[in-house]
Amino acid sequence: MSQCTERVDHNPLDSWATTWLLAVSLLIGLVLVGETHTRGIDPDELEHLHASYMVWTGAVPYRDFFEHHTPALYYAAQPLFWVCGAEIKVLWLARLIMIACGMGTLCLTLRLAACLLAPRHDPRAILSQSSRAECLSRGSAHRAARLVPWMAVALLAWSSIFHLKTLEFRPDGPATLLLMAAALQVVALREAPQKTWRVLLAGCLAGLATLFTQKSIVPAAGMVLWMLTDSLESRREHLLKQIFLFAVGGAVPWLLTIAAFATWGAADDLLHSTVYRLWAWPLRSHKWSHLRPTLAADLTIWAAALLEILCLPVALVQSFFQRDKSSGRRPPFGWVGPVVATAWCIFSLVWVKAAYAQFYLLWFPWLAILAARRLMQIVECASVRWLLVWVAPAALVLAMLQEQLWLRAELLGEDGALPWLSQTMRPATYPVAWAFLLLFAGAVFAASQGRRGAAVTCLSLLGMVYSLFRFADAYAWPNDLQVETMHAIQTSVKANGRVLDGFTGLGALRQHSLYWWWINDYSWQMMSEAERTGILETLKKLPPEAVLYDAELRRLPEPVKDWIESHYRPTGMGALWLPNEEFAE
């Protein structure tokens, strides 16, 4: 690589581009805070809220109630219950903490991108100083090095995955933060491979992430591949020792947790529920139904990142032949590790059982960094003619593909079809189409005027228009009925009373009649035949004071449904049924 001849004498924070990217990245925090009390509550949030509530009451997970997620979130949430008690405001405070984790993830994304761009320099020079830097292929890397971290943060912050899942009270937000911190330690090994404590720390952080959600094992394994590729590139010695220390670090949080559960007589329950049950789980999530919405909403990120991954073999071949004549060694190619790790995470979609949208969140920062680098290379390397002839038509095809994915999702009635916004704006495709047209026209005009930065900005926004509408759809998702029902349950059911629920989760702040406190296809498949047939007898012994008679409970055997319908009456408040007068007496 050649050295850049230009020198930039102003602080990059004075650049309008950096300022703009910083502003839109911080704005997402205000958007999320504004949705804290108003956005609809995902049943998964209520599942985690109930497990945290049960721990607060003194119950031991897996032994006293069913759960298949790892327990870190439930114990980390205990201070909220100490302050608020069993009140719905615990959920609002938990959401604020999830937002804080998300903003921390954005900061670590900025830091990781800067470290990747300047592995042999202080990353603060990339973020806040003007200095000479090496060039990327066919362009000035100094400008890219200043803008890529900020662009990565902006792409991540305004992705539908980040917006929809960061706010929710679920273990994936803290796990993502921990994984990013672990990735920073892996990158730091490039400069100081002798500091083996960094490997141990990275393993501990990754292991702690798996204690929040088992799906973190996929990006954790990606980090092992990351270290492997870095060692092959730099000829680092003692690779096996580093991988061993990473594994030891990852095992430490688990060993401490198992020891703690052993003191409660629940170590076997912990391992059986969080490891064996998931391994033997016969059901799998529908991959395409969860992949389609993010492809429709975040297609720019996916397309640019996949292009970066596909260009890796070419870049490797070029770097192999571009040897340093004085030393005989080829120049470092610091992006192999993150590209391989991200490609591994994408490939895992083929075999991961629960490839839900929150699974993408765990490694979406890596995807955003790769996408930002590729988009910035286009800015630095492309001529105006190249933009007009190749990039603009490709962006138009990308936009058309995005709209077709959106329309298909709408026809299939899936989550990617803006279910709440479409109720008030039909057909909702019109503003999306107009936004596509205006942005494409702006890109062509900017390119014709030689303003490459503005052109690429418009082209990148082409693939993010739908994401903005997903934001509006999430904001339009009300939680009034859910909150009203939860208050009604707390009023009708005393503190030590019991609730029977299917999968609404609205009885989260009360104990349940069954060990299998949420019932749907997944939990039904896990139950033994004796547990299924014993539901009716359990309900007779421990009759609930409220029943959330949703579609899942209506699929129970006829004797159970007959017992519920003969002893409870609907309240007209969603799925909430309360005891009839005779049974109440």
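Residues numbered from 1 in each chain as written. Predicted model: local features only at pLDDT ≥ 70, side-chain atom pairs only at ≥ 80, totals over all residues. Heavy atoms only, no water.

**Topic: the overall build of the protein**
Within the protein, the regular secondary structure consists of 29 helices and five strands. The long-range fraction of contacts in the protein, counting pairs at least 24 apart against all pairs at least 6 apart in sequence, stands at 76%. Accessible surface, the protein: about 25300 Å² in total, of which carbon and sulfur atoms supply 64%. (Helix = DSSP H or I, 4+ residues; strand = E, 2+ residues; numbered from the N terminus. Contact = heavy atoms within 4.5 Å. Areas by Shrake-Rupley, 256 points an atom, 1.4 Å probe, with all protein chains shown as cover.)

**Observations regarding the packing of helix α10 (residues 196-212) against helix α12 (residues 239-263)**
For any two helices packed against each other, the geometry is given by the interaxial angle and the distance between the axes. Two elements in contact, α10 and α12, have axes separated by 7 Å at closest approach and are oriented at 40°. Judged on the interaxial angle alone, α12 and α10 are oblique. Relative to α12, α10 is oriented so that their crossing is right-handed. Only K241, Q242, L245, F246, V248, G249, G250, V252, P253, W254 and T257 of α12 make contact with α10, whose side of the interface consists of T196, V199, L200, A202, G203, C204, A206, G207, L208, T210 and L211. When its residues are assigned to classes, the contact of α10 with α12 shows 13 nonpolar, eight polar and one charged. (Axes fitted to C-alpha atoms, helices over the stretch in contact; angles between N-to-C directions. Parallel < 35°, antiparallel > 145°, perpendicular 65-115°, else oblique. Left-handed = near helix turned anticlockwise from the far one by under 90°. Nonpolar A, V, L, I, M, F, W, Y, C, P; charged D, E, K, R; others polar.)

**Concerning the pattern of salt bridges**
For the structure shown, the criterion picks out 16 salt bridges. The partner of R39 in a salt bridge is E35, and the shortest N-O contact between them spans 2.8 Å. Taking relative accessible area as the criterion, E35 reaches 1% and is therefore assigned buried. Here R170 and D42 are joined by a salt bridge, their closest N and O atoms 3.6 Å apart. Here the residue R170 occupies a position in the loop between α8 (160-166) and α9 (172-188), and D42 occupies one in the loop between α1 (16-35) and α2 (43-56), the gap between them amounting to 128 residues. We classify R170 as buried; its relative accessible area is 1%. Take D42: its relative accessible area is 15%, and that puts it in the buried class. Here the salt bridges share partners, and the residues they tie into one network are D42, D44, K165, E168, R170, D172 and K215. (Salt bridge = Lys/Arg side-chain N within 4 Å of Asp/Glu carboxyl O. Buried < 20%, exposed > 50% of the residue type's maximum accessible area, 1.4 Å probe, protein only.)

**Topic: the packing of aromatic side chains**
In the structure shown here, the tally under the stated rule is 20 aromatic pairs. Ring centres of Y75 and W264 lie 6.1 Å apart, and the angle between their planes is 15°; this geometry places the pair in the stacked category. Remark: W264 occurs in the loop between α12 and α13 (267-280) and Y75 occurs in helix α3 (residues 72-76); sequence separation between them is 189 residues. Given the relative accessible area of 37%, W264 is considered partly exposed. Residues Y360 and W363 carry aromatic rings whose centres are separated by 5.6 Å and whose planes lie at 50° to one another, so their mutual orientation is tilted. Members of the aromatic cluster, connected to one another through ring pairs, are F66, F503, Y515, W516 and W518. (Phe/Tyr/Trp six-rings, centres within 6.5 Å; stacked < 30°, edge-to-face > 60°.)

**Here's the deal with helix α15 (residues 299-310)**
Given 3.6 residues per helical turn, the α-helix brings residues three or four places apart onto the same face. An ideal rise of 1.5 Å per residue puts 16 Å on twelve residues; α15 measures up with 16 Å between its terminal C-alpha atoms. Every buried residue belonging to α15 is among L299, T300, I301, W302, A304, A305, E308 and I309, and all of these are buried. (Expected span 1.5 Å × (residues − 1).)

**Overview of the environment of C101**
Summarising the element assignment, C101 is placed in helix α5 (residues 89-117). For C101, a relative accessible area of 13% translates into the label buried. Along the backbone, C101 and T166 are 65 residues apart, and their C-alpha atoms lie at a distance of 7.9 Å. For C101, the contacting residues outside a window of four places in its chain are G173, P174 and L177.

**A few points about α2**
Compared with the 20 Å implied by 1.5 Å per residue over 14 residues, the 20 Å span of α2 between its first and last C-alpha is a close match. Burial analysis of α2 places twelve of its 14 residues in the buried class, the great majority of the element. Of the positions making up α2, those classed as buried are D44, E45, L46, E47, H48, L49, H50, A51, S52, Y53, M54 and V55. Where α2 starts, the residue carrying a side-chain oxygen 2.8 Å from the main-chain nitrogen of D44 turns out to be D42. (Polar contact = N/O pair within 3.5 Å; in protein donor to acceptor, adjacent residues only side chain to side chain.)

**Here we look at the pairing of strand β5 (residues 576-579)**
By the bridge criterion, two bridges tie strand β3 (residues 546-548) to β5 in an arrangement that is antiparallel. Across the sheet, V547 pairs through a bridge with W577, a residue of β5. Note that strand β4 (residues 568-570) and β5 share three bridges and pair antiparallel. Directly across from R569, in β5, lies its bridge partner L578. Where β4 folds back on β5, the antiparallel hairpin that results is connected by five residues, among which G572 adopts a positive phi of roughly 80°. (Pairing = 2+ DSSP bridges.)

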